[in-house]
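Observations on chain architecture
Residues per chain, in single letters:
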Amino acid sequence: MPSNADKNAAPPLPAPLRVPVADSHTHLDMQSGTVEEGLAKAASVGVTTVVQVGCDVAGSRWAAETAAAYDSVHAAVALHPNEAPRIVHGDPGGTSQPPGAGGGWSRQGARAAGGAGALDEALAEIDRLAALPEVKGVGETGLDYFRTGPEGKDAQERSFRAHIEIAKRHGKALVIHDRDAHADVLRVLKEEGAPERTVFHCYSGDAAMAEICARAGYFMSFAGNVTFKNAQHLRDALAVAPLELVLVETDAPFLTPAPYRGRPNAPYLVPVTVRAMAAVRGIDEDALAGALAANTARAFGYRPAGTTGHRTERHPG
C-alpha cells in the first residue's frame, strides 16, 4: 500500500515530447511552487504553452496578470458555475455551499447573499477582463448539476448565458465546464448561439455527444481522467472526435493521469495523457502532438510559441 507521503509526492517527470504541445486548461494558482518553476518544468518535457483559467473574480484577475507577465501563458476569465450560486445565495465557507447550490470548493470563505445585483457586478468585472489582449478565453463557465438544487441551477444558467454573450462580444473562445448537465449545456448553447470558438473543457460526454459536438464545431479537451480504468466512455468519445477538434489539458492540480491518480497534477504531466490519447487514436505520438498544438492555438486565437519567457518583468502579486 502506498504511504500518505507517496500520495502527496509529485509524480516523476515523463519523457519529453518531441513535438511541443499546450496545456489547454490549468490552474497554476492552485498548484505548489512558483509560476516560473511550473512553467520551466512543463517546458522541459515539451509543454511550452498553458492556458491559465480563472474560476472567480480574484482568480480571473490573477490569470490576466499572469498571462500579461509570461509569453507562454494565456488567460481565460469567468465565474465557475458553482461560483454564481455562492454570489447570489451566500456561502457559509469551507467546502460547502448554500443548500442545493452545488458541490465544489470555495476559496473566499464565508460571505453573505449578494443577490442578483452582486452577480451583475461580478459579471461586469469578467466583461472588463475579457477585453484585455492577454485574455484569450471566457471560462470556465457552464453548468454543474452535482448536488445542485433549483435555486443554484437558476443562478448558474443566468451566469452561463451572460458569459456566452461576453465571449461573443469580445471575440474570445468560450470555455465550458459541464458536469452532469450535458443536455442543458447543449440547449443553452443552441438558444444563445455559441461563439465561433467553443471548448468543452475536461470533456465528460460519451461518443454520441462527441458526434453532436463535432457537428457543431465544438472543441473537445481531454484531461487525465481519459486514462482512468472506469472512463471507457471518454476513450470512446476520443476515438470518434475529429482530430482537428481535439485538445489536451491537465485541469491541474486535479485529475492526475494514471498511474499517478490521486497525486498532485501539473502541466508537466501532459505528455502522460498525450501518449494515452495517441494509443486510443492509434496514431503516432508526434502527429497527435502537432495536431494538439495547432488546435489549441486555433481554439484560443494565439500564435504557437516554441519557448517560454516573460512579456515584462512585472509579476502578479
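Residues numbered from 1 in each chain as written. Predicted model: local features only at pLDDT ≥ 70, side-chain atom pairs only at ≥ 80, totals over all residues. Heavy atoms only, no water.

**Some words on the sheet that holds strand β4 (residues 135-144)**
Just so we agree on the cut-off: Here the rule is simple: two strands pair whenever DSSP picks up at least two bridges between them. Helix and strand definitions follow DSSP, with helices as H or I runs of at least four residues and strands as E runs of at least two, each counted in order from the N terminus. A fitted line through C-alpha atoms serves as each axis, taken over the contacting stretch for helices, and the angle formed by two N-to-C directions is quoted from 0 to 180°. Contacts are assigned to residue pairs that have any heavy atoms within 4.5 Å of one another.
Strand order across the open sheet formed by eight strands is β1-β2-β3-β4-β5-β6-β7-β8, with parallel pairing between neighbours. The outermost strands of the open sheet, each flanked by one partner alone, are β1 (21-26) and β8 (246-248). When strand polarity is set aside, the average angle formed by the axes of neighbouring strands in this sheet is 30°. Examined bridge by bridge, strand β5 (residues 173-179) and strand β6 (residues 198-200) share three bridges and lie parallel to one another. Within the sheet, the bridge partner assigned to Leu174 lies in β6 and is Thr198. Sitting on the sheet, helix α10 (residues 270-281) is in contact with β1, β2 (47-53), β7 (219-222) and β8, with an inclination near 150° to β8.

**Quick notes on the pattern of salt bridges**
Here is the rule: A side-chain nitrogen of Lys or Arg and a carboxyl oxygen of Asp or Glu constitute a salt bridge if their distance falls within 4 Å. Relative accessible area decides the class of each residue, using a 1.4 Å probe on protein chains only: under 20% of the type maximum gives buried, over 50% gives exposed, and in between gives partly exposed.
One pass over the structure, following the stated rule, counts 16 salt bridges. When the shortest N-O distance is used, the salt bridge between Glu83 and Arg111 registers 3.0 Å. With Glu83 in helix α4 (residues 83-89) and Arg111 in the loop between α4 and α5 (115-130), this residue pair connects regions lying 28 residues apart in the sequence. Assessed through its relative accessible area of 22%, Arg111 is described here as partly exposed. A cluster of three or more residues bridged by salt bridges with shared partners is formed by Glu157, Arg161, Asp184, Arg187, Glu191 and Glu192.

**Brief notes about the nonpolar core**
Note the threshold: We define the nonpolar core as a collection of buried residues of types Ala, Val, Leu, Ile, Met, Phe, Trp, Tyr and Cys that are connected through side-chain atoms lying within 4.5 Å of one another.
Membership of the largest hydrophobic core comes to 88 residues, with the highest contact counts inside it found for Phe160, Leu189, Phe200, Tyr203, Phe222, Met277 and Phe300. Look past the residues within four positions of Phe200 in its chain and what remains in contact with it is Ile176, Asp178, Val185, Leu186, Leu189, Met209, Cys213, Tyr218, Phe219, Met220 and Ser221.

**Topic: the environment of Met209**
Tracing the sequence through the fold places Met209 in helix α8 (residues 207-216). Measuring from C-alpha to C-alpha, the distance between Met209 and Ala241 comes to 9.6 Å, with 32 residues separating the pair along the chain. Each residue touching Met209, except ones within four places of it in the same chain, is listed here: Asp178, His182, Leu186, Phe200 and Tyr203.

**Digging into unusual backbone geometry**
Look at the link from Ala252 to Pro253: it is a cis peptide, with omega at 15°. For Pro253, the location among the structural elements is in the loop between β8 and α10. For the peptide bond that leads from Ala258 to Pro259, omega is 10°, which places it in the cis range. A positive phi angle is found at Arg147, which is not glycine, with a value near 60°. By the element assignment, Arg147 lies in the loop between β4 and α6 (150-170). Residue class for Arg147 comes out exposed when judged on its relative accessible area of 58%. Phi is positive for Cys202, close to 45°, though the residue is something other than glycine. On the secondary structure map, Cys202 appears in the loop between β6 and α8. Of the residues examined, Cys202 reaches a relative accessible area of 14% and is grouped as buried.

**Let's talk about the pairing of β1**
Note the cut-off: By convention, orient the strands away from the viewer: a clockwise path from the first strand over the helix to the second makes the crossover right-handed.
For β1, the buried fraction is high: six of the six residues fall into the buried class. Inspection of the sheet shows β1 paired to β2 by four bridges, in the parallel sense. In the strand pairing of β2, Thr26 is matched with Gln52. Between the parallel pair β1 and β2, the chain is carried across by helix α2 (residues 35-43), and the sense of this crossover is right-handed.

Any functional reading would require information beyond the geometric quantities listed.
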